[in-house]
Amino acid sequence: MEIERKFLVKTLPEHLSQYQSHAIEQAYLCTEPVVRVRRQDDTYYLTYKGSGLMIREEYNLPLTKDAYAHLLEKADGNVLTKRRYLVPLSDGLKAELDIFEGKFEGLMLVEVEFSDEKAAQTFHAPEWFGKEVTFSNAFHNSVLSALDTWDAGTYCSF
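In what follows, the accompanying structure is described. (Residues numbered from 1 in each chain as written. Predicted model: local features only at pLDDT ≥ 70, side-chain atom pairs only at ≥ 80, totals over all residues. Heavy atoms only, no water.)

**Comments concerning the nonpolar core**
As a rule of thumb, nonpolar side chains are buried together in soluble globular proteins.
No. 1: In terms of nonpolar packing, the biggest core is built from 18 residues, with Ala 95, Leu 97, Val 110, Val 112, Phe 123, Trp 128 and Phe 129 touching the most fellow members.
No. 2: Elements supplying a minimum of two residues to this core: strand 1 (2–9), strand 7 (76–88), strand 8 (94–100) and strand 9 (108–113).
No. 3: Per-element accounting of this core gives the leading share, 3 residues, to strand 1.
No. 4: Among all residues touching Val 110, those that are not within four sequence positions of it are Arg 5, Lys 6, Phe 7, Leu 8, Val 9, Ala 95, Glu 96, Leu 97, Trp 128 and Phe 129. (Core = buried A, V, L, I, M, F, W, Y, C linked by side-chain atoms within 4.5 Å. Buried < 20%, exposed > 50% of the residue type's maximum accessible area, 1.4 Å probe, protein only. Helix = DSSP H or I, 4+ residues; strand = E, 2+ residues; numbered from the N terminus. Contact = heavy atoms within 4.5 Å.)

**Some remarks on the layout of surface pockets**
No. 1: The computed volume of the largest pocket comes to approximately 310 Å³.
No. 2: Lining the largest pocket are 23 residues, with Glu 2, Arg 36, Arg 38, Lys 49 and Glu 58 positioned closest to its centre.
No. 3: Ranked by the residues each element gives to the lining of the largest pocket, the list is headed by strand 3 (residues 34–40), at 4 residues.
No. 4: Residue classes in the lining of the largest pocket are distributed as 3 nonpolar, 7 polar and 13 charged.
No. 5: Of the voids in this model, the second largest pocket is the one considered here, and its volume is about 240 Å³. (1 Å grid on protein atoms, 1.4 Å probe; cavity = no way out; pocket = protein on both sides within 12 Å on 5 of 7 lines; lining within 4 Å. Points joined across faces, edges and corners; volume = space filled by probe spheres on them. Nonpolar A, V, L, I, M, F, W, Y, C, P; charged D, E, K, R; others polar.)

**A look at empty space enclosed by the protein**
Over the atoms, a rolling probe the size of a water molecule traces out where space has been left empty.
No. 1: All told, the structure shown has 1 cavity of 30 Å³ or more when counted by the stated rule.
No. 2: Empty space within the largest cavity amounts to approximately 60 Å³.
No. 3: Together, Glu 4, Arg 5, Lys 6, Leu 53, Arg 56, Val 133, Thr 134 and His 140 line the largest cavity.
No. 4: Per element, the largest residue contribution to the lining of the largest cavity is 3 residues, and it comes from strand 1.
No. 5: Looking at the lining of the largest cavity residue by residue, the class counts come to 2 nonpolar, 2 polar and 4 charged.

Written as structure tokens, this is what we have:
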């Protein structure tokens, strides 16, 4: 089960380069239900995500590099590329800050995962977080993968 809240980014945290980061490439084989392939650095996954916004099922299965490449060719829409920074927050939480590249350059999203629904509902976002988009399908990566055009100014208002 995945419990997370998602926000636009108002300002980047200071000294971003000090945080661990990963290069991510992902594409979608299906968007209802969500079936995704992802390369994170040199690790490869097939992911299934159930329906829902803040709370939904998620299963990750390991892939080989060759299996990933084979499935990537079968993906529909845009291949998303981004750099994910892991930024520690209070209470042992971690922000996953995604800075998109390529077609979606200019988009920055931050997600925080929680152990339970109560923790998610009582979370107070740091000042550098922008508008909450947890309950907007428009910012699901699976939806972005299907967009023909992208304008950061239209999507990224705080």
